[in-house]
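Chain by chain, the residues:
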Amino acid sequence: MPKPIIICVDDETLVLDSLKIELRKFFNNNCLYEFASSGEEGLEIVTDLEKEEPNSKKVVISDWWMPSMKGDEFLIAVHEKYPEITTIMLTGQASEAAIADVLEKANLHCCIRKPWEYEDLMHTIKQII
Amino acid sequence: MERRQLDLPKADILAVDDNPVNLRLLLQILTSKGYKVRPVPNGKLALSAAEAIPPDLILLDINMPEMDGYEVCQKLKENPKTTNIPVIFISAYNNAIDKVKAFGVGGVDYIPKPFQIEEVLVRVHNHLSIRILQKSLQKKNQNLQDTLEELKAAQTQLVQSEKMAALGQLIAGIAHEINTPLGAIRSSIGNIQDFLKQDLYYLSSFFNSLNNLEKEIITKLLKQANNQYNVLSSREKRKIKKKVISQLETQGIDDADSLADTIVDLGLSENLSVIIPLLKAQSGINIFNQIYRFYSLQKSADTIAIATNKAAKIVFALKTHARHDSAETKSSADIIQGIETVLTLYQNQIKQGVEVIKNYQSLPQIYCYPDELNQVWTNLIHNALQAMQYQGKLTIETLSNPQQIIVKITDNGQGISQDILPKIFQPFFTTKPPGEGSGLGLDIVKKIIDKHQATITVSSVPGNTTFKVFLPINNIH
Ligand SMILES: Nc1ncnc2c1ncn2[C@@H]1O[C@H](COP(=O)(O)OP(=O)(O)OP(=O)(O)O)[C@@H](O)[C@H]1O
Ligand SMILES: [Mg+2]
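Rules behind the numbers
- Residues numbered from 1 in each chain as written.
- Chains lettered and ligands numbered in written order.
- Predicted model: local features only at pLDDT ≥ 70, side-chain atom pairs only at ≥ 80, totals over all residues.
- Heavy atoms only, no water.
- UniProt positions renumbered as here; feature names shortened; annotations may be inferred.
- Helix = DSSP H or I, 4+ residues; strand = E, 2+ residues; numbered from the N terminus.
- Buried < 20%, exposed > 50% of the residue type's maximum accessible area, 1.4 Å probe, protein only.
- Contact = heavy atoms within 4.5 Å.
- Areas by Shrake-Rupley, 256 points an atom, 1.4 Å probe, with all protein chains shown as cover.
- Disulfide = S-S within 2.5 Å.
- Pairing = 2+ DSSP bridges.
- Axes fitted to C-alpha atoms, helices over the stretch in contact; angles between N-to-C directions.
- pLDDT = per-residue confidence, 0-100.
- Near = heavy atom within 4 Å.
- Polar contact = N/O pair within 3.5 Å; in protein donor to acceptor, adjacent residues only side chain to side chain.
- Nonpolar A, V, L, I, M, F, W, Y, C, P; charged D, E, K, R; others polar.

Where an unreviewed UniProt entry is consulted, chain B appears under the name histidine kinase, with the organism given as Hyella patelloides LEGE 07179. UniProt, in its Catalytic activity (unreviewed entry) section for chain B, records the words "ATP + protein L-histidine = ADP + protein N-phospho-L-histidine."

The name an unreviewed UniProt entry gives chain A is Response regulator receiver, with Hyella patelloides LEGE 07179 as the organism.

This is the structure in structure tokens:
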């Protein structure tokens, strides 16, 4: 079994750094982690990974409020191309309309609010992989 | 002139004459034409009758005992209740009427005695028509005034709801801007707590288990890892990681992908010659993970420091922006600080592809309404961002001379065409779709500018629009 891959997308480095430390602590070397600071870069990574590691289980965690491509747009795009990838939104602020939209169009697994709880987030991911 | 036959039903006329014959005659003439007539024999009664139920017209004899017609008329004009009632004087031929005095005390016309029936009717009719037209004008005027008041109230309400909408947007942005650092802080504190609870126990036994060479290597790597200033983008990191993975794999090291990740994070991709032998040794992975734990502790502490600063800055900006009471008095303020506050609040929209160029010449403090001026910068910057659709260049310049401070806000958006330029400061003038603009932004700006005895100018060509605000320096208090 190839290692599951967790892809985090947030325009704020502070968040990516924090997530990385948490993920490393919780999943150790049992997962691989990728980080992107925009939806565009996230899409690039997902596309690459689908080519390089087509058999890995993948989870995408994305912020909503980001420059240019918003989180909902990004997650919907991921879902349309790769419906087997699980999507999670991690956000400090998202309009209810946007969340409803992703729930429907990207089969959103869940929306976790910032500031998030370590245990919450990690167990949510663990269940998926 | 064509005399329009106005329908004057039941016009109420007060006839005043001490001569009962005359009075009866007037009564006869007028009632026969359908007027309602109230006859009174003297000035005193006339005044109380007019006051009780103001008539549409008064026919007033001049020569009366006790109180003559001039005096009655004067009293009628002094009373606000009766002042608008037209008064026609009646006078016998032999008592030549003092026209100047008659008009002077407020009469509108006079009829000589003995009466010519036709003349009485025509004059009465004319003045009643004028009176009725005047009344209807007054009524219309009142209606217009009421409508104006209502419009003003509606406008105030709109301004208020516009502010609320803007505030709502702002709050959403701020919720994001605060919750993001809070998330990072909470996560980092969790990491530090874990380290203190768990890693600390292993520490002494871990160090005891190391041989001298390993200790040396660890010290060296830790120094390296803590010194590196991590400025790589996620994209660059991925590139380096791929390289490291392939290098580790050619060395036959297991778990190359996870290890490479750590190596890149630690900034040790240039030190592979030291790391690879370590990873090949049995205890190597353990040592390596421990280095990462130290590194993450440092990272968490840094994250908290940065995140706290971010959150504090937002809260400060919000506080400065939100304190807004209308009874505010002028205070000494730093204009550049105000502009910076606004930029902080719009950070979310700005970082989406707007380059902000700041050309600040240092400015003296001035007496002003700081919060209201912040509203000016807010509206101008908001318009500029909208004009360039959040993609482009926003230039903010400040300069001063002994008389005034000048703030220039320039955007490279679509510009304002010459034909709408004169209208942009009007309330409700907008070219934006509903929901995006209500056309009040610049109206509010203008009001605040006027309050400061300042001036604002605008010049625009496509790709370059500049609003300039000139604030006087010497307006102390
Ligand atoms: N920097 C600018 N570039 C181009 N057009 C502008 C600029 N600033 C103002 N305008 C024009 O002036 C109009 C009036 O501006 P104003 O700020 O009063 O209202 P608005 O922006 O339309 O709505 P609101 O400010 O109430 O959200 C705008 O609709 C726009 O057409
Ligand atoms: Mg505006």
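Draft legend 1. Here's a closer look at the overall build of chain B. Helices and strands together make up the secondary structure of chain B, namely 14 helices and twelve strands. Across the 477 residues that make up chain B, the buried fraction comes to 46%. Within chain B, counting contacts between residues at least 6 apart in sequence, those at least 24 apart form 69% of the total. Of the roughly 25,600 Å² of accessible surface on chain B, 55% is carried by carbon and sulfur atoms.

Draft legend 2. View of the state of the cysteines. Counted under the stated rule, the structure contains zero disulfides over all chains. The closest cysteine sulfur to the non-disulfide-bonded A:C110 is located on A:C111, 7.5 Å from its own sulfur.

Draft legend 3. A look at the sheet that holds strand β5 (residues 110-113) of chain A. Residue and element names in this part refer to chain A. Strand order in this open sheet of five strands is β2-β1-β3-β4-β5, and the pairing throughout is parallel. Strand pairing shows two members of the sheet lacking a second neighbour, β2 (32-36) and β5, which therefore form its edges. Neighbouring strand axes in the sheet, compared pairwise and without regard to direction, differ in orientation by 20° on average. Contacts between helix α2 (residues 39-52) and the sheet are confined to β1 (5-9), β2 and β3 (58-62), with β2 contributing the most and set at about 145° to the helix.

Draft legend 4. Representation of the confidence of the model for chain B in the model. All names here are of chain B. Across chain B, pLDDT averages 85, with 91% of residues at or above 70. Confidence over residues 1-5 falls short of pLDDT 50; this stretch has five contacts with residues more than four positions distant or in other chains. This prediction of the complex comes with two scores: 0.58 for pTM and 0.88 for ipTM.

Draft legend 5. Expanded view of the site of ligand 1. All names here are of chain B. In the vicinity of ligand 1 lie 22 residues, with N383, T430, T431, K432 and L442 positioned nearest. Here an oxygen atom of ligand 1 sits 2.8 Å away from a polar atom, N or O, in the side chain of N383. At a separation of 2.9 Å, a nitrogen atom of ligand 1 approaches a polar side-chain atom of D411. Put simply, the parts of the chain that give the shell around ligand 1 at least two residues each are α13 (370-387), α14 (441-451) and β12 (464-472). Grouping the constituent residues of the shell around ligand 1 by class yields eight nonpolar, ten polar and four charged.

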